[in-house]
Amino acid sequence: MKNKQLVEIYSSSEDSFTVGSIIFEDKKRILINSIDDQGKNDGYLLFKKNIIEKIERGTDYLEKIEKYRSFWGKTKIGTSDNPIFNQKPDFYDLIKYAYKYKKVLTIATSFDYYDYTTGFVGYYDENIVSIKAIDQNSGQIYEDFEIDLEDIILLEIENVDNLLLEYVNK
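### Describing the nonpolar core
Move 1: By size, the foremost hydrophobic cluster in this structure holds 16 residues, and its most contacted members are Val 19, Ile 65 and Tyr 68.
Move 2: Elements supplying a minimum of two residues to this core: helix H1 (60-71) and helix H3 (160-168).
Move 3: Beyond its immediate chain neighbours, meaning those up to four positions away, Ile 65 contacts Leu 6, Val 19, Ile 35, Asp 36, Asp 37 and Gly 39.
Move 4: Membership of the second largest hydrophobic core comes to 15 residues, among which are Leu 94, Val 121, Ile 147 and Ile 157.

So this is what it looks like as C-alpha cells:
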C-alpha cells in the first residue's frame, strides 16, 4: 500500500510528532518516508503500531509542509543578485527591499525568543515598521506588529525558512 498523503504520527507526546508519507502499513507496523520540517525527504521510519497514539491528516502544518515540498525544485538559496546586498545596507534599506519584493523577514528587538517577529512588511517609514506576522506552524498570517526601527538589533532575510514562508503565502 503506497500513500502519498502526508501524515503526522504521534507516538508519545502531543507536542512531538513525525511527518511523512505512508509507504506500508499492516496490523503490526507502519513504514513512512520521513519528511523534515523544511519539506525535504529525511529517510525512513518503521514504527510498531502499538506505540502510535494517533495519526493526523489534513492539518494546517501538513498543508504548509506539502507546499514546501513543491518549493525545492524551484529555488536557489543564498544567490540573490540584487545589488542591495553589495551596498552596505542598513535596517531601513532591507525593510524597504523586503516591502518592494514581498520578502519575508525576521526582525529581533532582543535575543529573547519572544522578541523575534517573522512576516511581511505591511508598511514602514523612517521610524517604524509594521510586520504582518506569520505563524511558524501553519504558515498563515495572524497579526500585525509595529516595531520601532531604533529597537531592531537583528534582521534576517532570504534564509531558507523565510523563503519557504514566502512560497506558502503566494
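### Digging into helix H2 (residues 91-100)
Move 1: The set of residues buried in H2 consists of Leu 94, Ile 95, Tyr 97 and Ala 98. Along the long axis of H2, the arc covered by the buried residues comes to 160°, so they all point the same way.
Move 2: Taken together, the buried residues of H2 touch strand E6 (105-108), strand E7 (116-124), strand E8 (128-134) and strand E10 (154-157).
Move 3: Here H2 starts with a cap whose side-chain oxygen sits 3.2 Å from the backbone nitrogen of Tyr 92, and that cap is Asp 90.
Move 4: Lys 102 occupies a position one or two residues after H2 and carries a positive phi of about 55°.

### Observations concerning the packing of aromatic side chains
Move 1: Overall, the coordinates contain nine aromatic pairs when judged by the stated rule.
Move 2: Look at Tyr 10 and Phe 17: their rings are 5.0 Å apart centre to centre, the planes differ by 45°, and that puts the pair in the tilted class.
Move 3: The class of Tyr 10 is buried, set by a relative accessible area of 8%.
Move 4: Taken together, the aromatic side chains of Tyr 10, Phe 17 and Tyr 61 make up a single cluster linked through ring pairs.
Move 5: Over the ring of Trp 72 we find Lys 40; its NZ or CZ atom is 5.0 Å from the centre of that ring.
Move 6: Here Lys 54 stacks its cationic end above the ring of Tyr 10, 4.9 Å away from the centre of that ring.

Cut-offs used in this document
Residues numbered from 1 in each chain as written. Predicted model: local features only at pLDDT ≥ 70, side-chain atom pairs only at ≥ 80, totals over all residues. Heavy atoms only, no water. Core = buried A, V, L, I, M, F, W, Y, C linked by side-chain atoms within 4.5 Å. Buried < 20%, exposed > 50% of the residue type's maximum accessible area, 1.4 Å probe, protein only. Helix = DSSP H or I, 4+ residues; strand = E, 2+ residues; numbered from the N terminus. Contact = heavy atoms within 4.5 Å. Arc of directions from axis to C-beta. Polar contact = N/O pair within 3.5 Å; in protein donor to acceptor, adjacent residues only side chain to side chain. Phe/Tyr/Trp six-rings, centres within 6.5 Å; stacked < 30°, edge-to-face > 60°. Lys NZ or Arg CZ within 6 Å of the ring centre and 35° of its normal.

Worth remembering: the numbers are spatial, not functional.
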